[in-house]
Amino acid sequence: MKIKVKNSGIVKLKFFKDFPDGNLFIAEARKNIPFKIKRVYFINGFANEKAVRGKHAHKKLNQAIFCLNGSFDLSLDDGKRKQKIRLKDPSVGIILKPMLWHTMSGFSKDCVILVLADEWYKESDYIRDYQKFKKMLR
Ligand code: T46
């Protein structure tokens, strides 16, 4: 997989597979995660397979998004280029840097999403209007 949009990237977690006793995945701030982690959140319970989440960009926030279980589609848009990535491997994360419009959809029912962020939640950091996002890029 190659990232074609700006303000993104791929992170790969180190893992130990120990069948049948389970797998261990490791994320270390400023090692494979390229920032200091200040907030962790996760999303589960996808009863509606037509759910669409995200639909915003951030002004300053850096994040790394992972699919720990199941799968979903991550759509990225840097204002010029667009890319859709199906996330299903827990060891592969996508970096969401500032000024990257991102949307999540196509969730499997058993999908569990993990996000690591470099700042606490702040609604004023969100750009939730696509036209405003395009204007801010100019
Ligand atoms: C992102 C994508 C990948 C909080 O109060 N604190 C938090 O830390 C978060 C993440 C959300 N909220 C509140 C804000 C909203 O009232 O929870 C509500 C739902 O959040 P939102 O609609 O932004 O959720 P998603 O799944 O569309 O987006 C989330 C993150 O908010 C966002 O930063 O990049 O996941």
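A few points on the structure. These figures come from a predicted structure and were not determined experimentally.

About the criteria used
- Residues numbered from 1 in each chain as written.
- Predicted model: local features only at pLDDT ≥ 70, side-chain atom pairs only at ≥ 80, totals over all residues.
- Heavy atoms only, no water.
- Near = heavy atom within 4 Å.
- Polar contact = N/O pair within 3.5 Å; in protein donor to acceptor, adjacent residues only side chain to side chain.
- Helix = DSSP H or I, 4+ residues; strand = E, 2+ residues; numbered from the N terminus.
- Phe/Tyr/Trp six-rings, centres within 6.5 Å; stacked < 30°, edge-to-face > 60°.
- Buried < 20%, exposed > 50% of the residue type's maximum accessible area, 1.4 Å probe, protein only.
- Salt bridge = Lys/Arg side-chain N within 4 Å of Asp/Glu carboxyl O.
- Pairing = 2+ DSSP bridges.
- Core = buried A, V, L, I, M, F, W, Y, C linked by side-chain atoms within 4.5 Å.
- Contact = heavy atoms within 4.5 Å.

### Quick notes on the site of the ligand
Move 1: Near the ligand there are 14 residues, and of these Arg39, Arg53, Gln63, His102 and Tyr126 occur at the shortest range.
Move 2: For the ligand, an oxygen atom lies 3.1 Å from a polar atom in the side chain of histidine 56.
Move 3: Within the side chain of tyrosine 126, a nitrogen or oxygen atom sits 2.6 Å from an oxygen atom of the ligand.
Move 4: Elements with a contribution of two residues or more to the shell around the ligand: strand S4 (39-43), strand S5 (53-58), strand S6 (63-69) and strand S10 (101-105).

### Some points on the packing of aromatic side chains
Move 1: Evaluated as defined, the whole model comprises seven aromatic pairs.
Move 2: On the basis of an interplanar angle of 40° and a centroid distance of 5.6 Å, the ring pair of phenylalanine 15 and phenylalanine 25 is categorised as tilted. Remark: phenylalanine 25 occurs in strand S3 (residues 23-26) and phenylalanine 15 occurs in strand S2 (residues 14-17); sequence separation between them is ten residues.
Move 3: A relative accessible area of 29% means that phenylalanine 25 is categorised as partly exposed.

### Comments concerning the pattern of salt bridges
Move 1: Taken as a whole and assessed by the stated rule, the structure comprises three salt bridges.
Move 2: Measuring nitrogen to oxygen at the nearest pair gives 3.0 Å for the salt bridge that ties lysine 38 to glutamate 119. One end of the pair, lysine 38, is in the loop between S3 and S4; the other, glutamate 119, is in the loop between strand S11 (112-117) and strand S12 (126-127), with 81 residues separating them in the sequence.
Move 3: The exposure class assigned to lysine 38 is partly exposed, which follows from its relative accessible area of 37%.
Move 4: For glutamate 119, a relative accessible area of 33% corresponds to the partly exposed category.

### Regarding the pairing of S6
Move 1: Taking burial as the measure, the seven residues of S6 include five buried ones, the bulk of the element.
Move 2: Direction of pairing for S6 relative to S11: antiparallel, over a ladder of six bridges. When the sheet's bridge partners are listed, phenylalanine 66 is paired in S11 with leucine 114.

### A closer look at the nonpolar core
Nonpolar side chains in soluble globular proteins tend to end up buried together.
Move 1: Counting 19 residues, the largest nonpolar core has Ile65, Phe72, Leu74 and Ile113 as its most contacted members.
Move 2: Secondary-structure elements contributing two or more residues to this core are S6, strand S7 (72-77), strand S8 (82-87), strand S9 (92-96) and S11.
Move 3: Examining the composition of this core, we find that three residues originate from one element, S7, more than from any other.
Move 4: Setting aside anything within four residues of it in sequence, one finds isoleucine 113 in contact with Tyr41, Phe42, Ile43, Phe46, Ile65, Phe66, Phe72 and Phe107.

### As for the pairing of S8
Move 1: Of the two faces of S8, the one holding Gln83, Ile85 and Leu87 is buried and the one holding Lys82, Lys84 and Arg86 is not buried anywhere.
Move 2: As judged from the six bridges shared by S7 and S8, these two strands associate in the antiparallel manner. Each residue of the ladder has a partner; that of aspartate 73, found in S8, is arginine 86.
Move 3: Linking S7 to S8, which pair antiparallel, is a turn of four residues; within it glycine 79 sits at a positive phi near 100°.

### Some remarks on the side chain of serine 108
Move 1: Residue position: serine 108 is located in the loop between S10 and S11.
Move 2: Of the residues examined, serine 108 reaches a relative accessible area of 19% and is grouped as buried.
Move 3: Within the structure, the side chain of serine 108 is placed 2.6 Å from the side chain of aspartate 110, a separation counted as a polar contact.
Move 4: Those residues in contact with serine 108 that lie beyond four places of it in its chain are Phe46, Gly70 and Ser71.

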